[in-house]
Amino acid sequence: MMAVDLDSFNANQRSAVSWDDGPLLVLAGPGSGKTLVLTSRVVRILEEGDDTSVLALTFTTKAAAEMRARVDRLLGRRGERARLCTFHSFAADLLRQHGSHLGLQPDFSLITQTEDRIAMVDEAAARLENDREAVPEDRRNVLALIDRLLADSYDGSTPAPSLVDTPPWVPRLFSRYCQTLIATNRLDFGSLLHFARRLLTEKPGVARVVRLGWTHLCVDEFQDTNRAQYDLLRLISPDRSARLCVVGDEDQIIYQWNGANPERLAQLRRDYDMHVVQLPECYRCPTSIITLANRLIVHNARRFPDKTPLQASRASGHGDANGVRYEAFASPDEEAAFIPKDICDRGLTSSECVVLGRTAKVLGRAASALADAGIEACMTQRKTDFESPAIGVLTEALRLANARHDRDVLRRLCLAWERLADESLELDGVAASAALVGGDYLRAWADAASLAASHRTEAVVERIRTDLVDSIAFPAVVDWFLQQGWRSWGGNDDELLAEELKTWRELHDDLVREHGSGRLTLNVYLQQMDLISKAPRPGPDAVRCMTVHGSKGLGFRHVYLIGMAQEVFPSFQALRKGPQSRELEEERRNCFVAITRVERTLTLTRAQRYHGYPKAPSQFLCEMGLVGQPPC
C-alpha cells in the first residue's frame, strides 16, 4: 500500500505528485501546499522500488529539515534513499568526497566571519605582482564584488558578467582568492558552489558518479536560484528529458540582489522539455487577500502569459469585515505605537502576529514600541556564531581538533578562553610551543591553559584534553556538554548561555537525525553547523518583526505590513529606475509575498513623513485598490 493518498489532493496537486513522464515544472502560488506536494512526490518515487533514489535541493536548512521530517513521517521510517538538503549542503558533501581532485582536503573548514574573509582578500591581493595598488582599499566592497562574481558563476575570465567594464585586477584577484582558499583548506559559502561546479565541469568521472547516484532530482523554490546554483543543477541533470521536478513561482522572485533572475524560469523551460502544472489554489489566505494579491501582481509585465491567477480555497477573515485594514499616521513613531495598542485592543494572541517591513530599519522602531508596551518582540536575523564564552571555547576546540594546524582557529580559541576564564594566553607563545608536540596546536593550547587555569576552569581544560586532545570522543563530548556538562563551565544564571544551549540542542538533534549518530563525523558536523544560522527561535509569546525576505514560506494569522509609503516601499532606488523597471517589479513581488503571508487579517500602515520628509502613499496601495490614484 502506498504511503501517499492521492485522493486527498486536488486535481492539480495530484497531477504534480503523479507525473512521471519527463521534466516537470510546478508553478506553485503561495499557500498552495507545495511542500506537501513535493514531499509526497518524493515518497511516491521511493515507494516505486528499491532502485529509486531522490536528491531534493532547497534553500534553507529549516525547509530541508521540514521536508525530511515529512518524508520520514509519510514513509513511517527514515528515508534512506532520499537526500533532502540545501544547495550549499550538497556542495559541501560533494567536495568532502571528491574535492581532492581540486586540491581540497575532506576536513576543510568554512569561513563565516567577514573579518576572516577580508584577511583572505588581503592575502590574495598581497600575492598580486602588478595589480596590488589597483585593488581598492575598501575590502568590504571588494568582498561584495567577489560574492557577486561567485553567484554569477564567474570563472576568472574577462569580462565579468556583473560589470560593465572589468578592470584587469578583477580576474587576477578572483583567481588568487580562489587559490588562497584551496591552499588554506578553507571555503566560504559562495565558493562551495564555485568549486562544486568546477569539480563537475572538470572531472567528468565525478559528474558521472553523481548522476548515477540519483534517479530523480527535485528543486524547491527554484525562482530563488542564482546562476551558480542553476549551473550546478544543469551539471547534475543535463539531459533535456531528465527525471527532474522543479517547484517555483515567478511572482515570488525577491532575491535579485543575490543573483536570482526572472529570466531563469524561462531559461529552464528552454533547457528542458518541461511539462507545466500550475497550483493556483491558495489554502492559506482568505478571499479578500487573494483579491488584493491578484490586483497587485498583474501590474508586473514580465510574467508568463498563461499564468493562472490565485484562487481562494477558504473563507475570509474572522472578526473583521473583510480581513483588511489600512491606517495612516502623522509620524513613524505614531505608526509604531499603533501596533502594540491595536494588538491589545483587538485581544490578539501576540505569537499569532507578525510585523513585516521592507527593511530592518523600519522594523526596529516597531520592535521598540512593542517592548515599551511590555510585549516581547523578536527581530529575526541570521547569526553565524554562538556568543556565549563557554560554548565558544568548546566549538573552537572542536574546530581545532578537526584541523590541528590551523592558526586562525587557535587564535579564536585563545580569545574565547580569555572571555570564559579571564585568563590570557599568548597566541605566538602557544603556536611556538606547538613545535615541541608535533605542531599540534590543540595539545599546545591545552598545555598552556592547564598552567594558567584556576580552580574554576581546570575542569574545562581537562575535559578538552581527555575528549579532544588525547582522543576524539565525538559526538559524546557534545552530548555531555549539552546535557549537564555546561554547568561546570558557564554557571546557571547566564541568560545568553541558556538561550544558545537551547538553540544548539535543536540544531544538534536535527543533524543527528539527518546523518545518523553513527555516521556523523566531526568534520561533517562542523561543516553543517557552519551552514546553519545560530539565531534562537522566537519565544512562545513573542511578536515576530521580520523583513519580507525573512518571512518567505511562512504564514501568520495577523500581519501588520508597515512603511507603505513611496520611497520606503517601494524603495527610492527602485522608483529611480523607472515604472517599468525590473527593480520596481521586484518591489511589487516583495509586497505580493508580504500580503500572502496572511491567514486571517492584514493591517497596512504608513506614516506621512519618514526621515523628516513627506511621503505619499505607496503606489502598491493604489494598485490593490486601497487608496485613490497612484502618486506617480
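These figures come from a predicted structure and were not determined experimentally.

Asks: How would you sum up the environment of arginine 211? Please name residues and give values.
Replies: Within the secondary structure layout, arginine 211 lies in helix α9 (residues 204-213). In this structure arginine 211 comes out as partly exposed when scored by relative accessible area, which is 34%. In sequence terms arginine 211 and proline 238 are 27 residues apart; their C-alpha atoms lie 9.2 Å from each other. Once residues lying within four places of it in the same chain are set aside, the contact partners of arginine 211 are Leu235, Ile236 and Pro238.

Asks: An account of the domain arrangement of the chain is requested, with residue identities and associated values reported.
Replies: We note that the domain assignment places domain 1 (6-92 + 195-279), domain 2 (109-184), domain 3 (289-380 + 540-624) and domain 4 (389-531) within the chain. Between the C-alpha centres of domain 1 and domain 4 the distance comes to 37 Å. Contacts between the two partners involve 10 residues from domain 1 and, on the opposite side, 8 residues from domain 4. For the domain 1 and domain 4 pair, buried surface summed over both sides reaches about 650 Å², with 39% attributable to carbon and sulfur atoms. The largest share of the area that domain 1 buries against domain 4 comes from Arg68, Arg78 and Ser89, three residues that together contribute 54% of it. For the interface between domain 1 and domain 4, the tally reads 3 residue pairs in polar contact (both at pLDDT 80 or more). For the side of domain 1 that touches domain 4, the secondary structure elements donating two or more residues are α3 (61-75), β3 (82-86) and α4 (87-98). For the side of domain 1 that touches domain 4, the residue count by class is 3 nonpolar, 3 polar and 4 charged.

Asks: Please set out the pattern of salt bridges residue by residue, giving values where relevant.
Replies: Here the structure, examined in full by the defined rule, presents 51 salt bridges. Note that aspartate 188 is salt-bridged to arginine 117, the shortest N-O span being 2.8 Å. One end of the pair, aspartate 188, is in the loop between β5 (186-187) and α8 (189-202); the other, arginine 117, is in helix α5 (residues 114-126), with 71 residues separating them in the sequence. Per residue, the accessibility class of aspartate 188 equals that of arginine 117, and both read buried.

Asks: Would you mind going over α3 in detail, with residue names and values included?
Replies: Relative to the 21 Å expected for 15 residues at 1.5 Å per residue, α3 spans 21 Å between its end C-alpha atoms, a close match to the ideal helical length. Buried within α3 we find Ala63, Ala64, Met67, Arg68, Val71 and Leu75. Taken around the axis of α3, the buried residues stretch over an arc of 135°, which confines them to a single face. Away from the buried face of α3 by more than 90 degrees, exposed residues Lys62 and Arg73 are located. In this structure, the buried residues of α3 make contact with α2 (34-46), β2 (54-58), β3 and α22 (495-515).

Asks: Go over the sheet that holds strand β15 (residues 556-561) with me, naming the residues and quoting the values.
Replies: Overall, parallel pairing links the 6 strands, which are arranged β11-β16-β15-β12-β14-β13 in an open sheet. One side of each edge strand has no neighbouring strand; the edge strands of this open sheet are β11 (324-329) and β13 (377-379). Each strand axis lies, on average, 20° off the axis of its neighbour in the sheet, ignoring direction. Sheet contacts for helix α14 (residues 360-372): β12 (353-357), β13 and β14 (543-547); angle to β14, the most-contacted strand, approximately 170°.

About the criteria used
- Residue indices follow the written sequence of each chain, beginning from 1 at its first position.
- Per-residue local features are limited, in this predicted model, to residues with pLDDT of at least 70; the limit for side-chain atom pairs, both in listing and counting, is 80 or more; totals at the level of whole chains, interfaces and linings are taken over all residues.
- The side-chain figures draw on all heavy atoms in the structure; neither hydrogens nor water molecules are used.
- Counting from the N terminus, the helices are the DSSP runs of H or I reaching at least four residues and the strands are the DSSP runs of E reaching at least two.
- The rule is simple: take the accessible area with a 1.4 Å probe, protein chains only, and divide by the maximum for that residue type; under 20% is buried, over 50% is exposed, in between is partly exposed.
- Any pair of residues with heavy atoms lying within 4.5 Å of one another is described as a contacting pair.
- The start and end points of each domain follow an automatic or database-based domain assignment.
- Buried area: the sum, over both parts, of the accessible surface (1.4 Å probe) that disappears when the two are put together.
- N or O atoms within 3.5 Å of each other form a polar contact, as long as, within protein, one can give a hydrogen and the other can take it, and as long as residues adjacent in sequence are counted only when both atoms are side-chain atoms.
- We call Asp, Glu, Lys and Arg charged. Ala, Val, Leu, Ile, Met, Phe, Trp, Tyr, Cys and Pro are nonpolar, and the rest, Gly among them, are polar.
- Any carboxyl oxygen of Asp or Glu that lies within 4 Å of a side-chain nitrogen of Lys or Arg is treated as forming a salt bridge with it.
- Expected span of a helix: the number of residues minus one, times 1.5 Å.
- This arc is built from the directions going out from the helix axis to the C-beta atoms.
- Pairing between two strands is assigned when DSSP locates at least 2 bridges connecting them.
- In this analysis an axis means a line fitted to C-alpha atoms, helices contributing only their contacting stretch, and an angle means the value between N-to-C directions, from 0 to 180 degrees.

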